[in-house]
Amino acid sequence: MSDINTYLNLINGRWQQASSGEVEASIDPANRHEIVGYVQQSSLADLNDAVGAAKAAKLSWRKLSGSARGEYLFKAADRLERRLDEIAEMMTREMGKTFPEAKGETARGVAILRYYAGEGMRKTGDVIPSTDSTALMFTTRVPLGVVGVITPWNFPIAIPIWKIAPALIFGNTIVFKPAQETAITAALVMECFHEAGIPAGVINMVTGQGDVIGQGIADHPDVQGISFTGSDRIGKLVGQSALAKGAKYQLEMGGKNPVIVLNDADLDLAVEATVSGGLRSTGQKCTATSRVIVQSDVYEAFKSKLLTRIGQIRVGPGMDPSTWMGPCASEKQYHTVLSYLAKGIEEGATLLCGGSKVQDEALDAGFYIEPTVFENVTSAMTIAQEEIFGPVLALMKVDTCEEAIGIANDVKFGLSASIFTRDISNMLTFMGDIEAGLVRVNAESAGVELQAPFGGVKMSSSGSREQGQAAIEFYTDVKTVFIKS
Ligand SMILES: NC(=O)C1=CN([C@@H]2O[C@H](COP(=O)(O)OP(=O)(O)OC[C@H]3O[C@@H](n4cnc5c(N)ncnc54)[C@H](OP(=O)(O)O)[C@@H]3O)[C@@H](O)[C@H]2O)C=CC1
Ligand SMILES: O=C(O)CCC(=O)C(=O)O
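An unreviewed UniProt entry annotates the chain as Aldehyde dehydrogenase (NAD+) originating from Paenibacillus qinlingensis. Under the Sequence similarities (unreviewed entry) heading, UniProt states for the chain: "Belongs to the aldehyde dehydrogenase family."

The following block contains the structure:
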């Protein structure tokens, strides 16, 4: 283990080993024999210490002015920006995303920190006229207290920061449990907060198994709010635990996002957006395109352009500048995707390209899957219903816009959806009838802007919104104040 770094928990301002003394290797998905580093395999004792530290720090943190809290976020943003290449490279080595995408995500983390640093100077309430003319009535906002942040591996910087930054600026303290697959990247982000001089206990990170540390956060009586992104299966467990103890919770749980291509669409634009939305990050985005619903007159032309474009994709290690698409993030994810490919074939979908691991000896040690397109996919099939989280597109042919929207809505998820058309009435019908939190017209299904509300409907979300001004709704409680002179 001598040349490979070991990363520690951050508890009460100190870097600490897990009390179990156990560590876990983080593996490079581009080469399963490469250990990127070791992370702590923590126990509930470590989690209790972290929650205790966050609880002890919460009063002095909430008593600071918003602008004073914002200063720490500005400093953390500066640190992250200075270390952008180094931290982005770690992300690529830990979870396989290409280096340009990892740099883009790290830069997004910097921008999110600065956005919320500025929020510390903005209004937190309204004056409401009372029926009593001698009274002053207004609303103000108070923090929840200790907030638990549980995050996945697919956006190891952006997702933690878009939860942590608003939680901090509105006066909460944090216990953060990143996905174990990307716990080193998370530790480097924590270093940026630590180097920014954030007071001890305000932000704590404990790494370890989800069913121990994540579930422990969800169950802990001193954690008053939980923000979770991940699978719908685990999201439900987190929501039930939070509800049982009376904590506020927020769940973001993925999608089965459709792109509709109508007869009057700009096909080149639609193809480019389908490829980018479906296959960037190896399809591992909750906003990724997975169903492509195409109107019959342009179906063959669209299919042919799509297959030509996909044929040009170069799969390889994320650090290789010629790579367009990297490996799946982990062995578990790789096997999950392979099992969906087998299921698609078994249930009668027709394979147009891809369909298996990449057949290239040079890539044998990595978790590489070919970009895959199925056609003759029906809504009854598993690959049209479940989130695959891999480089897989399902083509579905329809006759009308209404039929397309009906199929698009025929899933339990409702995160993002896009349509390609030049017809304003089709755009308006889509905007009104599609069951999705993010509606995109002539643009890919992925692509979230930090200043706009983000979240879904149905099983994609617990109903609240993240990012932008919407974040204040989750990370604070409203107090209505009535003062009589
Ligand atoms: N909406 C999205 O953006 C994402 C969706 N997914 C979907 O989920 C599938 C599985 O991915 P996976 O990584 O296993 O997602 P999970 O939902 O298992 O993991 C998300 C986070 O929750 C933690 N966790 C695991 N078990 C519990 C628990 N009982 N209580 C609280 N927290 C827990 C995980 O920890 P740890 O992993 O360290 O054990 C991780 O930090 C993917 O194939 C994809 O379909 C996955 C990631 C992101
Ligand atoms: O599309 C994006 O940029 C964000 C996607 C996302 O939040 C996710 O995959 O979890």
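Anyway, onward from the coordinates.
Student: Just checking my understanding: could you explain the overall build of the chain for this structure?
Tutor: Each helix and strand counted, the chain has 14 helices and 21 strands in total. For 485 residues, the compact-globule estimate of 2.2 N^0.38 gives 23 Å, and the chain sits close to it at 23 Å. Along the first, second and third principal axes, the C-alpha atoms of the chain reach 70 × 70 × 40 Å. Among the 485 residues that make up the chain, the fraction classed as buried is 57%. Here the chain holds 44 positive side-chain charges and 56 negative ones, and the gap between their average locations is 7 Å.

Student: Would you mind showing me how to read the UniProt feature "active site" (unreviewed entry) in the chain here?
Tutor: Those residues carrying the UniProt feature "active site" (unreviewed entry) are Glu252 in this numbering. Summarising the element assignment, Glu252 is placed in strand β11 (residues 248-252). By relative accessible area, which is 3% here, Glu252 ends up buried. Not counting the four nearest positions on each side in its chain, Glu252 is found in contact with Phe228, Thr229, Gly230, Cys286, Leu415, Phe454, Ser460 and Glu466.

Student: Help me out: how do you make sense of the packing of aromatic side chains in this one?
Tutor: In this description, a pair of aromatic rings is defined by centroid distance and the angle of the planes. What the rule picks out here adds up to 6 aromatic pairs. Measuring from ring centre to ring centre gives 4.9 Å for Tyr115 and Tyr116, while their planes differ by 85 degrees; the resulting arrangement is edge-to-face. The exposure class assigned to Tyr115 is buried, which follows from its relative accessible area of 19%. Taking the centre distance of 5.6 Å and the plane angle of 80 degrees together, the rings of Trp153 and Phe389 count as edge-to-face. Taken together, the residues span a long stretch of sequence, with Trp153 in the loop between β7 (146-150) and α5 (158-169) and Phe389 in the loop between β15 (372-375) and β16 (392-398) at a distance of 236 residues. Its relative accessible area of 12% is what places Trp153 among the buried residues. Owing to a relative accessible area of 14%, Phe389 belongs among the buried residues under this scheme. One Lys or Arg, Lys75, reaches over the ring of Tyr72 and ends 5.8 Å from the middle of that ring. A cation over a ring is seen here: Arg309 above Trp324, with NZ or CZ 5.8 Å from the ring centre.

Student: Teacher, can you tell me more about the pattern of salt bridges here?
Tutor: One side chain can pair with another of opposite charge once the charged atoms of both are near each other. In total, this model carries 24 salt bridges according to the counting rule given. The closest approach of N and O atoms between Arg79 and Glu195, which form a salt bridge, is 2.6 Å. Placement of Arg79 in helix α2 (residues 66-82) and of Glu195 in helix α6 (residues 183-195) is noted, with a sequence separation of 116 residues between them. A residue is classified by how much of its surface remains accessible, and Arg79, at 23% relative accessible area, is partly exposed. Residue Arg83 pairs with Glu86 through a salt bridge whose shortest N-O separation is 2.8 Å. You can call Arg83 buried: its relative accessible area is 11%.

Student: Would you mind showing me how to read the pairing of β11 here?
Tutor: The side chains of a regular strand alternate, residue by residue, between the two faces of the sheet. Of the pairings in the sheet, the one linking strand β10 (residues 225-229) to β11 comprises 5 bridges and is parallel in character. Residue pairing in the sheet places Ser227 in a bridge with Gln250 of β11.

Student: Just checking my understanding: could you explain the sheet that holds strand β5 (residues 31-40) for this structure?
Tutor: Across a sheet, strands are paired by hydrogen bonds formed along the backbone, either parallel or antiparallel in direction. Within the open sheet, the 3 strands sit side by side as β1-β5-β4. Their pairing is mixed. The open sheet is flanked by β1 (6-7) and β4 (23-28), the only strands paired with a single partner. Summarising the sheet, β1 and β5 pair through 2 bridges and their orientation is parallel. Paired with Tyr7 across the two strands is Val39, which belongs to β5.

Student: Sorry if this is basic, but what is going on with the site of ligand 2 here?
Tutor: Around ligand 2, the structure places Arg108, Asn154, Phe155, Ile159, Trp162, Glu252, Lys285, Cys286, Thr287, Gly447, Val448 and Phe454. Here Arg108 contributes a side-chain N or O atom positioned 2.9 Å from an oxygen atom of ligand 2. Separating an oxygen atom of ligand 2 from a side-chain N or O atom of Asn154 is a distance of 2.9 Å. Protein chains shield 98% of the accessible area of ligand 2, which is 290 Å² for the free molecule. Grouping the constituent residues of the shell around ligand 2 by class yields 6 nonpolar, 3 polar and 3 charged. Two domains each provide a minimum of three residues to the shell around ligand 2, namely domain 1 (6-253 + 462-484) and domain 2 (257-450).

The rules we used
Residues numbered from 1 in each chain as written. Chains lettered and ligands numbered in written order. Predicted model: local features only at pLDDT ≥ 70, side-chain atom pairs only at ≥ 80, totals over all residues. Heavy atoms only, no water. UniProt positions renumbered as here; feature names shortened; annotations may be inferred. Helix = DSSP H or I, 4+ residues; strand = E, 2+ residues; numbered from the N terminus. Rg over C-alpha atoms; globule rule 2.2 N^0.38 Å. Buried < 20%, exposed > 50% of the residue type's maximum accessible area, 1.4 Å probe, protein only. Lys, Arg positive; Asp, Glu negative; His and termini not counted. Charge placed at Lys NZ, Arg CZ, Asp CG, Glu CD. Contact = heavy atoms within 4.5 Å. Phe/Tyr/Trp six-rings, centres within 6.5 Å; stacked < 30°, edge-to-face > 60°. Lys NZ or Arg CZ within 6 Å of the ring centre and 35° of its normal. Salt bridge = Lys/Arg side-chain N within 4 Å of Asp/Glu carboxyl O. Pairing = 2+ DSSP bridges. Near = heavy atom within 4 Å. Polar contact = N/O pair within 3.5 Å; in protein donor to acceptor, adjacent residues only side chain to side chain. Areas by Shrake-Rupley, 256 points an atom, 1.4 Å probe, with all protein chains shown as cover. Nonpolar A, V, L, I, M, F, W, Y, C, P; charged D, E, K, R; others polar. Domains from an automatic or database assignment.

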